[in-house]
There are 2 protein chains.
Amino acid sequence: MSRRIRRTPYTGRVEAAGVTGFTVVNHTLLPKAFGRPVEEDYWHLREAVQLWDVGCQRQVEITGPDAARLVQWMTPRDVSQARWGQGLYVPVTDAAAGMINDPVLLRLDADRFRLSIADSDLALYALGLALGGGLDVAVDEPDVWPLAAQGPRAGAVVAAVFGQAVLELPFFGFDRFAFGGRSHLVARSGYSRQGGFEIYLEGFELGPALWDALIEAGRPHGIRPGSPCLPERIEGGLFSLGNDFDRRNTPFELGLGRLCATDGSVACLARDAVARIAREGHRRELRGLVFGTAPAPVCAEAWPVWQGDARAGEATSVAFSPRLQANVAVAMIDRTAWEPGTRVAVEVPGAGRWPGRVSAFPID
Amino acid sequence: MSRRIRRTPYTGRVEAAGVTGFTVVNHTLLPKAFGRPVEEDYWHLREAVQLWDVGCQRQVEITGPDAARLVQWMTPRDVSQARWGQGLYVPVTDAAAGMINDPVLLRLDADRFRLSIADSDLALYALGLALGGGLDVAVDEPDVWPLAAQGPRAGAVVAAVFGQAVLELPFFGFDRFAFGGRSHLVARSGYSRQGGFEIYLEGFELGPALWDALIEAGRPHGIRPGSPCLPERIEGGLFSLGNDFDRRNTPFELGLGRLCATDGSVACLARDAVARIAREGHRRELRGLVFGTAPAPVCAEAWPVWQGDARAGEATSVAFSPRLQANVAVAMIDRTAWEPGTRVAVEVPGAGRWPGRVSAFPID
């Protein structure tokens, strides 16, 4: 614990709830476990509702006359149609279409955007672009702290605190709702595939009250503190910067080619690169794997994936699925093997090659 | 443990040596403790030699025809005189002179620079500036992994592995030395004030062999695995990004005004800002504090510092000094109280105001 690794408005509550481990994302604490088996958390997330301290999803706010131009520079997704009320998942890249982050973009106004980011200092990239290009914008990290309610009963819980209107939000939709005498963005989103909401709390000091209100409202629904669940997010095809991809990968390799304007119509840094890749095709892409029947060890490095005697890619995130009673993985798979159903083997360090198959996402 | 939080070439050795805790810097593991009391590590560092896995000091390499121009954009320190063999400590700022990082700059060639960085994604800032400004450079993270030998006997240990010539390096001097059939930069530097060296290992796979060679050479000198020592670095006036300063602070507030070209002669982003601040003066600056006689609790948030009834600043890093038998702190202190010797009191959460005094660095 030090000031360098920041606490969120919810960290005190998470500690009081018996957190047993943290990790660090964006220089900020992210709870990892609450002393229960992963299997128990997995089923609970699928059947009830959990409250996640995702304050580490830091917010980068870009405002000013050139804000839209700067945001468009950063992503090959056409953001000209971005509007109040509908978030967009945007790959952020360098000029070679190398992935730098994969935030959710919220357009708050014509000249005001927020990016809810994965684990890299996207504010520094935006700031560098703005200063280098002489753009008239401000790049800041506002006093905004996401809190997620995830799971099939999340709607009932969030509605009890913010009102029934939150239930009318479409997927990735957002609007302002009142709490603690202030208004906050609430979005139908989150880092699970079980449904849920993210509350973008405005004002650090309101954090404990918001946490308590949601826990209280969630009591009849069996709410528990939780955190992103590795087997669930792998099954759901939710990728992780640093685990599953980095600057050496393109949006196409993440299966995000469909989000990219490849016809040169969009003024992004990667315009030429995405047009070229779309024309020439890409040679590998993230896929699901299902392999083995005993739990694999912790995957702290990429594990080779084989198709017969040929190297066919590498597994980048691995967990044991309580539902499938098999290991599931996110893996970067070569074109030759990426068809769902392809038989492959995963090389588990010290434990040989475990047979399995390629899957689309979500892994069913 | 996950791929997102990177292991260094030395992590396996550190685990075998009984590490009891890690922190995360630059998305990379940094060992924090080896099961011994801080007091014991503190004296050992001052009297013998320790081997520190500082692979988390990631390297940003900037190469190309515009490399010197880009590096100068980033820092108000005049880097035109930077040359092979002599590292420079450079504040990196935004246009308002807000601190973004405080790396050590190594100039490898006319158009090739390396920055050994503190905990922020400086590569993204450099990349943004380059792309925004249309500069002809490449920004990369090379396969280079710092390892530090620190303490009064570090020279004997490093010389036993790399040769006696390392002992001729001046403070912050560097040169190439052979190990494992390759050459590596070795510098007289490190994050302690006890003297020592940093080896910029080129090639991840050589890490265990380098670790083993230094441990073996250090045996007669009582070498131990270690890590940056909080009371020692506070006494030494070595500041920490995220703990003691961030983008809200200027180089002047870190006492680095003397490094800044304030006469407008240098083409940095902060040129106007540093000239203005130099003209108008700054109102607060990092100082040492010595306070209390019982160990203070862990400082995970800024603690108010009082001069009588007036708020005089805040303590940002705190530790108990085994040598002084008092707490020492890095603190951002207002001009009215920053004179060494000034009587102040530190507000320790839940424990009242503890009397103390302001000190220059190093704290003697």
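Residues numbered from 1 in each chain as written. Chains lettered and ligands numbered in written order. Predicted model: local features only at pLDDT ≥ 70, side-chain atom pairs only at ≥ 80, totals over all residues. Heavy atoms only, no water.

## Quick look at the overall build of chain A
Of the regular secondary structure elements, chain A holds eight helices and 21 strands. Here chain A has a C-alpha radius of gyration of 21 Å; the compact-globule value for 364 residues is 21 Å, and the two agree. Once the C-alpha set of chain A is aligned to its principal axes, its extents read approximately 65 × 50 × 40 Å. At a minimum sequence separation of 6, the contacts of chain A that also span at least 24 residues come to 66%. Accessible surface, chain A as shown: approximately 13700 Å² in total, 50% of it carbon and sulfur. Where the 38 positive side-chain charges of chain A centre and where its 42 negative ones centre are 2 Å apart. (Helix = DSSP H or I, 4+ residues; strand = E, 2+ residues; numbered from the N terminus. Rg over C-alpha atoms; globule rule 2.2 N^0.38 Å. Contact = heavy atoms within 4.5 Å. Areas by Shrake-Rupley, 256 points an atom, 1.4 Å probe, with all protein chains shown as cover. Lys, Arg positive; Asp, Glu negative; His and termini not counted. Charge placed at Lys NZ, Arg CZ, Asp CG, Glu CD.)

## Thoughts on the sheet that holds strand E21 (residues 352-359) of chain B
Residue and element names in this part refer to chain B. Overall, antiparallel pairing links the six strands, which are arranged E16-E19-E18-E17-E20-E21 in a closed barrel. On average, each strand axis in the sheet is inclined to that of its neighbour by 40°, with strand direction left out of account. Relative to strand E19 (residues 326-334), strand E16 (residues 284-291) runs antiparallel, the two being bridged by eight bridges. The residue bridging Gly288 from the neighbouring strand is Val330, located in E19. (Pairing = 2+ DSSP bridges. Axes fitted to C-alpha atoms, helices over the stretch in contact; angles between N-to-C directions.)

## As for the sheet that holds strand E21 (residues 352-359) of chain A
All names here are of chain A. Spatial strand order, E16-E19-E18-E17-E20-E21: six strands in a closed barrel with antiparallel pairing. Geometrically, the sheet is characterised by an average inter-axis angle of 40° between neighbouring strands, direction not taken into account. Two strands pair when backbone bridges link them, and strand E17 (residues 303-307) and strand E18 (residues 310-321) are joined in this way by five bridges, in the antiparallel orientation. Bridging from a neighbouring strand, Pro304 pairs with Glu314 of E18.

## Observations concerning the relation of the copies chain B and chain A
With an RMSD of 0.0 Å, chain B superimposes on chain A once it is rotated by 180° and translated 0.0 Å along the axis. Within this description, the copies of the chain are treated as partners about a two-fold rotation axis. (Least-squares fit on C-alpha atoms with pLDDT ≥ 70 in both.)

## With respect to the pattern of salt bridges
Inspection of the entire model under this criterion finds 46 salt bridges over all chains. In this structure, Glu141 of chain B and Arg6 of chain B form a salt bridge, with 2.9 Å as the shortest nitrogen-oxygen distance. Residue Glu141 of chain B is located in the loop between strand E10 (138-140) and strand E11 (144-150), and its partner Arg6 of chain B is located in the segment before helix H1 (11-16); the two are separated by 135 residues in the primary sequence. Glu141 of chain B gets classed as partly exposed once you look at its relative accessible area, which sits at 41%. Its relative accessible area of 25% is what places Arg6 of chain B among the partly exposed residues. Each member of the salt-bridge network shares a partner with another, and the members are Glu61, Arg112, Arg114, Arg176 and Glu202 of chain A. (Salt bridge = Lys/Arg side-chain N within 4 Å of Asp/Glu carboxyl O. Buried < 20%, exposed > 50% of the residue type's maximum accessible area, 1.4 Å probe, protein only.)

## Examining the packing of aromatic side chains
Each aromatic ring pair is summarised here by two numbers: the centre-to-centre distance and the angle between the ring planes. All names here are of chain B. Inspection of the entire model under this criterion finds 16 aromatic pairs over all chains. Taken together, a centroid distance of 5.0 Å and an interplanar angle of 75° make the contact between Trp84 and Phe174 edge-to-face. A residue pair is termed long-range when its members are at least 10 positions apart, and Trp84 in the loop between helix H3 (67-74) and strand E5 (88-89) and Phe174 in strand E12 (residues 174-179) qualify at 90 residues. Given the relative accessible area of 34%, Trp84 is considered partly exposed. (Phe/Tyr/Trp six-rings, centres within 6.5 Å; stacked < 30°, edge-to-face > 60°.)

## Some remarks on the interface of chain B and chain A
Counting residues at the interface gives 38 residues for chain B, matched by 38 residues for chain A. Regarding the contact of chain B and chain A, the summed buried area is about 3300 Å², with carbon and sulfur atoms giving 57% of it. Summed over the three residues of chain B that lose the most area to chain A, namely Arg3, Arg4 and Leu124 of chain B, the buried surface amounts to 25% of that side. With a closest N to O distance of 2.9 Å, Asp119 of chain B and Arg4 of chain A form a salt bridge. Counting across the chain B and chain A interface gives 24 residue pairs in polar contact (both at pLDDT 80 or more). Looking at the side of chain B that touches chain A, the elements with two or more residues in it are strand E1 (21-25) and helix H4 (122-133) of chain B. Here the side of chain B that touches chain A is built from residues that sort into 19 nonpolar, eleven polar and eight charged. (Buried area = accessible area lost by both parts, 1.4 Å probe. Polar contact = N/O pair within 3.5 Å; in protein donor to acceptor, adjacent residues only side chain to side chain. Nonpolar A, V, L, I, M, F, W, Y, C, P; charged D, E, K, R; others polar.)

## Some words on the confidence of the model for chain A
Close inspection of predicted coordinates is inappropriate for parts of the model with low pLDDT. In the predicted model, chain A carries a mean pLDDT of 97, and the fraction of residues at 70 or more is 100%. As scored by the predictor, the complex reaches a pTM of 0.97 and an ipTM of 0.97. (pLDDT = per-residue confidence, 0-100.)

## Structural notes on the pairing of strand E16 (residues 284-291) of chain A
Residues and elements named next belong to chain A. Along E16, seven of the eight residues are buried, which leaves the element largely enclosed by surrounding structure. Direction of pairing for E16 relative to E21: antiparallel, over a ladder of four bridges. Counted as the bridge partner of Leu289 is Val358 from E21.

## Details of the side chain of Ser317 of chain A
Residue and element names in this part refer to chain A. As for its position among the elements, Ser317 is in strand E18. When its relative accessible area of 4% is taken as the criterion, Ser317 is described as buried. Polar side-chain contacts of Ser317 include one of 2.8 Å to the side chain of Arg233. Here Asp244 takes part through its side chain, which lies 2.7 Å from a polar atom of the side chain of Ser317.

## A few points about helix H4 (residues 122-133) of chain A
The periodicity of an α-helix, 3.6 residues per turn, causes residues three or four places apart in sequence to face the same way. Residue and element names in this part refer to chain A. In this model H4 runs 16 Å from its N-terminal to its C-terminal C-alpha over twelve residues, within 8% of the 16 Å that 1.5 Å per residue would give. Taken across its twelve residues, H4 has nine buried, putting it largely inside the fold. In the stretch just after H4, Gly134 is the one whose phi turns positive, near 65°. (Expected span 1.5 Å × (residues − 1).)

## Quick look at the packing of helix H5 (residues 154-162) of chain A against helix H6 (residues 207-218) of chain A
Each pair of packed helices can be summarised by the angle the axes make with each other and by the distance between the axes. Residue and element names in this part refer to chain A. Here H5 crosses H6 at 125°, and the two axes come no closer than 9 Å. Taken together, H5 and H6 sit at an angle that is classed as oblique. Relative to H6, the crossing made by H5 is right-handed. Residues Val157, Val158, Ala160, Val161 and Phe162 of H5 lie in contact with H6, whose contacting residues are Leu210, Ala213, Leu214, Ala217 and Gly218. (Parallel < 35°, antiparallel > 145°, perpendicular 65-115°, else oblique. Left-handed = near helix turned anticlockwise from the far one by under 90°.)

## Description of the environment of Gly85 of chain B
Mapped onto the fold, Gly85 of chain B is located in the loop between H3 and E5. As for Gly85 of chain B and Phe172 of chain B, which are separated by 87 residues in sequence, their C-alpha atoms are 8.4 Å apart.

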